[in-house]
Amino acid sequence: MTGFSEGYREPLRKERNSMFNVAVITGISLLAILFRVYVSRFIPYLQYLELPLLVTVYFSLMWRSPIAGLFFGAAIGLAQDSLSHQPLGMFGIVKTLVGYFAASMSLRVDVGNPVLRLFLGFVFFFFHQLLYWVLANALLGETLGFELPQALVVAILNAIVAVFLYQLLDRLKVTG
Amino acid sequence: MEFFLNRYRNLSVLVAAILAQLVLLAYQVKTNGDVRLIRVWAVGAVTPLARVIESGRTSVSHFFSDYFVLLDVRDENKRMKAELDRIKMDNQYLRAELSTADRARSLAIFQTHSPSKTVAAHITGNTTAAGAKVVFIDRGSSSGIEPGMAVITPDGIAGKVTKVFSAAAMVLLVTDGTFAAGVISQNNRVHGTFKGQGYEGTGKIEHVQNEQKVDQGEWFFTSGDDRIFPKGLPVGEVTTVHQGKTEKEIFVSLSGFRNGLEEVLIIIEGVHAPIPNAPVTTQTVHLLAPPPADAGGATPIVQPLQTGPVTTDADRTKEQYRKLGQQEGHVYGERSNGAPNYNTPLKADGKSDAKPDKP
């Protein structure tokens, strides 16, 4: 029975794994961070759009490898930390966990389903905000407020953006 | 152990990655230091791209603004042909307004008049932290910028430099919740601490006792106590004052953000200045109202004011001729400009032999 399940799961995972060009991954990650740094300066409302997180979730879901997901999340998170005035590691830890859990989730669900993507986008954004708030209060001693209604609304908005963004990113997959 | 690592490989890597970052975080918090290498890489990767995009945006924006300004000047020239004198004044007025509106120029004017040595910088982007009021500027250590330097605008204080890279620097804005600066009130010389509130336009003055006097509308200036901002820079105007438990609750409207925040000045060498006694005004050029329209183009004849009774000999003579003219039904000596012919002699009975001048 054990042999059957292992023999069944491995080919399925390889079959479903999505491949991306390294330049595409680097470019998209850089653009997501640049968007956070630059565009939000002119349209302040866009600072609520957490593109680095959405990109982390997407690649973690597509790769279906928890280790790849956590390293990608750590890299994006640390880059984001570097461009903030806070100590390095805050976004790094949060996005490491997000990448790991997203990739673990992708082993059990159909990540191409838009409804599921909407749900995952919402859950991971909310998890990201909550965890960041906990870490900032616990590790840095900051007294940040956590407004639940605002966090929920922003999570829904990010999830909606995630659905369309993921459709766009699907086109950049390497085929063949 | 090996079995455990193989069995829980993913989880082991996750724990290792989290632990590594926790150690990194703990090191920074404990030593109050920074892992500069990673920051330099990230800033080096992102800020050049941001600068390219920003310069592109600025070029396009300047192109369109210049185009419309030229259109405006053309219209002005057309009107100058029709109303020469008035349009000359209007044109000067518009030029003055345009040059005053130009932020870069006003910044340069302020720079030359400011006693402190400053360097102008352009804001290129925000930081990634949610809710933080921190921006990147396009000047770094190569321009002599150092952490802790004050950042101002011609209207007031704007923030302070927190981190410096070779061609960029991070500025903590006065609106950030963690920002603080020493301040003093203009009229009552009350010392306090300015704190950012996390949102635009407003800040709070703390550590002012209830017994101390602060009026609504009073201005607060930097006191120089914080050793960052030189004394005498405007901070903001008091909008609300409440009595608190032991300290007053004072809110100020920040003056440094009045005209937006695109260009700033970094104080390289600060010079303390006295707190001004006059009320703070925005830096606009005061101009007189344009002169009234002159329809004919010729110099108008100025009629003397005749407010009181006739007093001089000339006035009395003129009055005699006027009364005589009324009796004889014509006007004596009136020329085109209204001056009487005083050469016609009068008789003793007040009549004259002279024929009236033809108009």
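Residues numbered from 1 in each chain as written. Chains lettered and ligands numbered in written order. Predicted model: local features only at pLDDT ≥ 70, side-chain atom pairs only at ≥ 80, totals over all residues.

Our focus in this paragraph is the overall build of chain A. Looking only at helices and strands, chain A features 7 helices and 0 strands. Here chain A holds 176 residues, and the buried ones make up 43% of them. (Helix = DSSP H or I, 4+ residues; strand = E, 2+ residues; numbered from the N terminus. Buried ≥ 20, exposed ≤ 12 C-beta atoms within 10 Å, placed from the backbone.)

Residues and elements named next belong to chain A. Over its 13 residues, helix α3 (residues 51-63) extends 18 Å from the first C-alpha to the last, a length consistent with the 18 Å expected when each residue adds 1.5 Å. Taken across its 13 residues, α3 has 13 buried, putting it largely inside the fold. A positive backbone phi angle near 60° is found at Arg 64, which sits one or two residues after α3. (Expected span 1.5 Å × (residues − 1).)

Residue and element names in this part refer to chain B. In this structure, strand β1 (residues 117-126) lies alongside strand β12 (residues 263-269), joined through 6 bridges in antiparallel fashion. Bridging from a neighbouring strand, Ala 121 pairs with Val 264 of β12. Pairing between β1 and strand β2 (residues 134-137): 3 bridges, direction antiparallel. The partner of Gly 125 across the bridge, within β2, is Phe 136. (Pairing = 2+ DSSP bridges.)

Right, let's get into the interface of chain B and chain A. Listed per partner, the contact involves 33 residues of chain B and 30 residues of chain A. Every element with two or more residues in the side of chain B that touches chain A is listed here: α2 (9-31), α3 (36-82), β1, β4 (156-164) and β5 (169-173) of chain B. If you tally residues by element for the side of chain B that touches chain A, the top one is α2 of chain B, at 11 residues. By residue class, the composition of the side of chain B that touches chain A is 23 nonpolar, 8 polar and 2 charged. (Contact = placed C-beta atoms within 7 Å. Nonpolar A, V, L, I, M, F, W, Y, C, P; charged D, E, K, R; others polar.)

The next point concerns the packing of helix α2 (residues 22-42) of chain A against α3 of chain A. A pair of packed helices is characterised by two quantities: the angle between their axes and the separation of those axes. Residues and elements named next belong to chain A. Where α2 contacts α3, the axes come no closer than 8 Å and their chain directions differ by 155°. The pairing of α2 with α3 is recorded here as roughly antiparallel in orientation. In this structure, α2 contributes Ile 25, Ile 28, Ser 29, Ala 32, Ile 33, Phe 35 and Arg 36 to the contact, and α3 contributes Leu 51, Pro 52, Val 55 and Phe 59. For the contact of α2 with α3, the residue count by class is 9 nonpolar, 1 polar and 1 charged. (Axes fitted to C-alpha atoms, helices over the stretch in contact; angles between N-to-C directions. Parallel < 35°, antiparallel > 145°, perpendicular 65-115°, else oblique.)

In this model, helix α7 (residues 148-170) of chain A (23 residues) spans 32 Å end to end at C-alpha, consistent with the 33 Å of a helix rising 1.5 Å per residue. Its buried side turned inward, α7 of chain A meets α3 and α6 (114-139) of chain A.

Time to look at unusual backbone geometry. The phi torsion of most residues other than glycine is negative, and most of the peptide bonds are trans. Phi at Arg 64 of chain A takes a positive value of approximately 60°, unusual for a residue other than glycine. For Arg 64 of chain A, a count of 22 C-beta atoms within 10 Å puts it in the buried group. In this model, His 207 of chain B sits at a positive phi of 60°, which is unusual for a non-glycine residue. By the secondary structure assignment, His 207 of chain B is in the loop between β8 (202-206) and β9 (219-222).

With that out of the way, let us pick up the environment of Ala 17 of chain B. Topologically, Ala 17 of chain B is positioned in helix α2. Excluding residues within four positions of it along the chain, Ala 17 of chain B makes contact with Leu 70, Ala 74 and Thr 96 of chain A.

Residues and elements named next belong to chain B. One closed barrel accounts for 6 strands, arranged β1-β2-β5-β4-β3-β12; its pairing is antiparallel. Adjacent strand axes in the sheet meet at a mean angle of 45°, parallel and antiparallel pairs treated alike. In the sheet, β4 pairs with β5 via 5 bridges, with the strands oriented antiparallel. Bridging from a neighbouring strand, Lys 160 pairs with Leu 172 of β5.

Residue and element names in this part refer to chain B. Taken in spatial order, the 6 strands close into a barrel running β6-β7-β8-β11-β10-β9, and their pairing is antiparallel. Averaged over all neighbouring strand pairs, the angle between strand axes comes to 40°, with direction disregarded. Relative to β9, strand β6 (residues 180-185) runs antiparallel, the two sharing 3 bridges. Bridge pairing in β9 places Ile 184 opposite Phe 221.

This paragraph deals with the nonpolar core. Val 171, Phe 220 and Val 264 of chain B are the most contacted members of the largest nonpolar core, which totals 99 residues. Of the residues forming this core, the biggest block, 11 residues, is contributed by helix α5 (residues 90-106) of chain A. Lining this core are residues from two domains, each supplying at least three of them: domain 2 (34-93) and domain 3 (172-260) of chain B. With near-sequence residues (within four places) excluded, Val 264 of chain B lies in contact with Ala 121, Ile 123, Ile 137, Val 151, Ile 152, Thr 153 and Ala 158 of chain B. (Core = buried A, V, L, I, M, F, W, Y, C linked by C-beta atoms within 7 Å. Domains from an automatic or database assignment.)

Another aspect to go through is the confidence of the model for chain B. Residue and element names in this part refer to chain B. Considering every residue of chain B, the mean pLDDT works out to 75; 70% of them sit at 70 or more. Counted against residues more than four places away or in other chains, residues 282-287, with its pLDDT under 50, gives 9 contacts. Here residues 295-308 is modelled with pLDDT under 50, and outside its nearest four sequence neighbours on either side it reaches 0 contacts, counting other chains as well. Interface scoring of the predicted complex returns ipTM 0.82; its pTM is 0.58. (pLDDT = per-residue confidence, 0-100.)

This prediction gives chain A a mean pLDDT of 85; 89% of its residues lie at or above 70. Predicted confidence for residues 1-15 of chain A stays below pLDDT 50, and this span has 1 contact to residues more than four positions away or in other chains.

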